[in-house]
Amino acid sequence: MLSRLDKVLSNLGLGSRKEVTEAIRRGLVTVDNEVCRVPDKKIDPEASEITFQGEKLVYRQYDYIMMNKPAGYISATEDRNKVTVIELLPDRLKRLGLFPAGRLDRDSEGLLLLTNDGNAAHAIISPKRNIDKLYYIRYSGVLSDNAEMLFSLGIEIDGGEKCLPAALERVGNGEAHVTIHEGKYHQVKRMISAVGGEVIYLKRLKIGMIELDDSLAPGEIRRLTTDEEKWIRGIIEKR
Ligand code: URA
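What counts, and at which threshold
Along each chain, numbering runs from 1 in the same order as the chain's sequence is written. Local features in this predicted model are restricted to residues whose pLDDT is 70 or higher, and side-chain atom pairs enter the listing and the counts only when it is 80 or higher, whereas totals over whole chains, interfaces and linings include all residues. Hydrogen atoms and water are omitted, and side-chain values are computed over all heavy atoms in the structure. Only DSSP runs of H or I reaching four residues or more are called helices, and only runs of E reaching two or more are called strands; each is numbered from the N terminus. Three labels apply to residues, based on accessible area from a 1.4 Å probe with only protein chains included: buried if under 20% of the type maximum, exposed if over 50%, partly exposed otherwise in between. Any two residues whose heavy atoms approach within 4.5 Å at even a single point are treated as in contact. Areas reported here follow the Shrake-Rupley algorithm with a probe of radius 1.4 Å; residue values treat only the protein chains shown as occluding. We call two N or O atoms a polar contact when they sit within 3.5 Å, provided that within protein one can donate a hydrogen and the other can accept it, with sequence-adjacent residues counted only if both atoms are side-chain atoms. Here is the rule: rings of Phe, Tyr and Trp (six-membered ring for Trp) pair when centre to centre is within 6.5 Å. Planes less than 30 degrees apart are stacked, more than 60 are edge-to-face, and the remainder are tilted. Remark: a charge is flagged as sitting over a ring if the NZ atom of Lys or the CZ atom of Arg is within 6 Å of the ring centre and within 35 degrees of the ring normal. Domain ranges listed in this record stem from an automatic or a database domain assignment. The quantity reported as buried area is the accessible area (1.4 Å probe) lost by two parts once they are put together, taken as the sum for both. By convention a nonpolar core is built from buried Ala, Val, Leu, Ile, Met, Phe, Trp, Tyr and Cys residues, the set being connected through side-chain atoms within 4.5 Å.

## Structural notes on the overall build of the protein chain
- What the protein chain contains, in helices and strands, is seven helices and 17 strands.
- For the C-alpha atoms alone, the extent of the protein chain along its principal axes is close to 70 × 35 × 30 Å.
- Put simply, the protein chain has 239 residues, and 46% of those count as buried.
- Of the contacts formed within the protein chain by residues at least 6 apart in sequence, a portion of 62% connects residues at least 24 apart.
- Split by element, the accessible area of the protein chain, about 13000 Å² in all, is 46% carbon and sulfur.

Here you go:
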């Protein structure tokens, strides 16, 4: 598909429309080995070889980012009063229209996927796709003896709301792993409270085959690997 050169470059996060126009006019951009000084030139970004300041660009239709979300940020693109996870992105990525594919509470930490691909976000979130979401929690209180069984049958939370079957595994004193396949509001906290505990720390470790990269400090991000992106394409196609 043909698109304007300035639009392609700014969609790749290389600057605002104004900044990339300036760069194009200054001769810093080549298209198929020739300097192109025409910002509105129509090009096919998938077929043309483009360089920006001497560097070859890899065209991407969509972006997929992993973040190790720190506590204190909300999983939204904007908010009047509270700081969002988008604030943690470098400026170049702030321009890509990324949004979280599945929320984490403000006080929760760990794996958050950000994308500008609506189909991918939908596939990751939809309970129909049955994607495992694994959480590590610390809790206070004493969980009932049959908590594991109640989770596996599909526990009722808040007097009537039924969850899909899930898994609870106690991994230490006041620590557990919880696996769910949906994302109701405060779901893990409410499930734990339904069996007598209170979540005091929650960190998401895994979504499907995508594991939180433990080399990412809180607030850090990286692009998904080719294999991780391939997995996402797979779940989009599996209808
Ligand atoms: N469940 C919760 O209760 N909180 C989260 O942030 C994620 C899952």
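On we go.
## Points about the environment of tyrosine 136
- Positionally, tyrosine 136 belongs in strand β10 (residues 133–141).
- Sequence spacing of tyrosine 136 and lysine 206 is 70 residues, and the spatial spacing of their C-alpha atoms is 9.6 Å.
- Contact partners of tyrosine 136, with chain neighbours within four places excluded, come to Val171, Glu175, Ala176, His177, Tyr201, Leu202, Lys203 and Leu205.
- A polar contact of 2.4 Å, which involves the side chain of tyrosine 136, links it to the side chain of glutamate 175.

## A few points about the packing of aromatic side chains
- For the structure shown, the criterion picks out one aromatic pair.
- Its end group placed over the ring of tyrosine 201, arginine 138 keeps NZ or CZ at 4.3 Å from the ring centre.

## Brief notes about the domain arrangement of the protein chain
- Considered domain by domain, the protein chain is made up of domain 1 (3–56), domain 2 (64–126 + 212–237) and domain 3 (132–207).
- For domain 2 versus domain 3, the distance between C-alpha centres works out to 23 Å.
- Each partner contributes to the interface: domain 2 provides 15 residues, whereas domain 3 provides eleven residues.
- Between domain 2 and domain 3, a total of about 1100 Å² is buried, with carbon and sulfur atoms accounting for 45% of that surface.
- Broken down residue by residue, the surface that domain 2 buries against domain 3 is led by Asp105, Glu109 and Leu111, which jointly contribute 41%.

## Let's talk about the environment of aspartate 63
- Tracing the sequence through the fold places aspartate 63 in the loop between β6 (55–56) and β7 (64–69).
- What makes aspartate 63 buried here is its relative accessible area of 5%.
- Apart from residues no more than four positions distant in its own chain, aspartate 63 is found in contact with Leu96, Leu98, Leu114, Thr115, Asn116 and Arg223.

## Focus on the nonpolar core
- Counting residues in hydrophobic clusters, the biggest one holds 31 residues, and the most contacted among them are Leu114, Ile137, Phe151 and Ile192.
- Looking at this core, the elements that each hand over two or more residues are β7, β9 (109–115), β10, α5 (147–153), β14 (175–180), α6 (187–194) and β15 (197–207).
- Both domain 2 (64–126 + 212–237) and domain 3 (132–207) contribute no fewer than three residues apiece to this core.
- Ignoring sequence-local partners within four residues, the contact set of isoleucine 137 consists of Gly174, Glu175, Ala176, Val178, Val188, Ile192, Val199, Tyr201 and Leu202.
- Core analysis: the second largest hydrophobic core is formed by 19 residues, Met66, Ala120, Ile210 and Leu216 among them.

## What about the side chain of lysine 133?
- Looking at where lysine 133 falls in the secondary structure, it is placed in strand β10.
- Discounting residues that sit within four places of it in the chain, lysine 133 has contacts with Ile124, Ile125, Val178, Thr179, Ile180, His181, Glu182, Arg204, Lys206 and Ile207.

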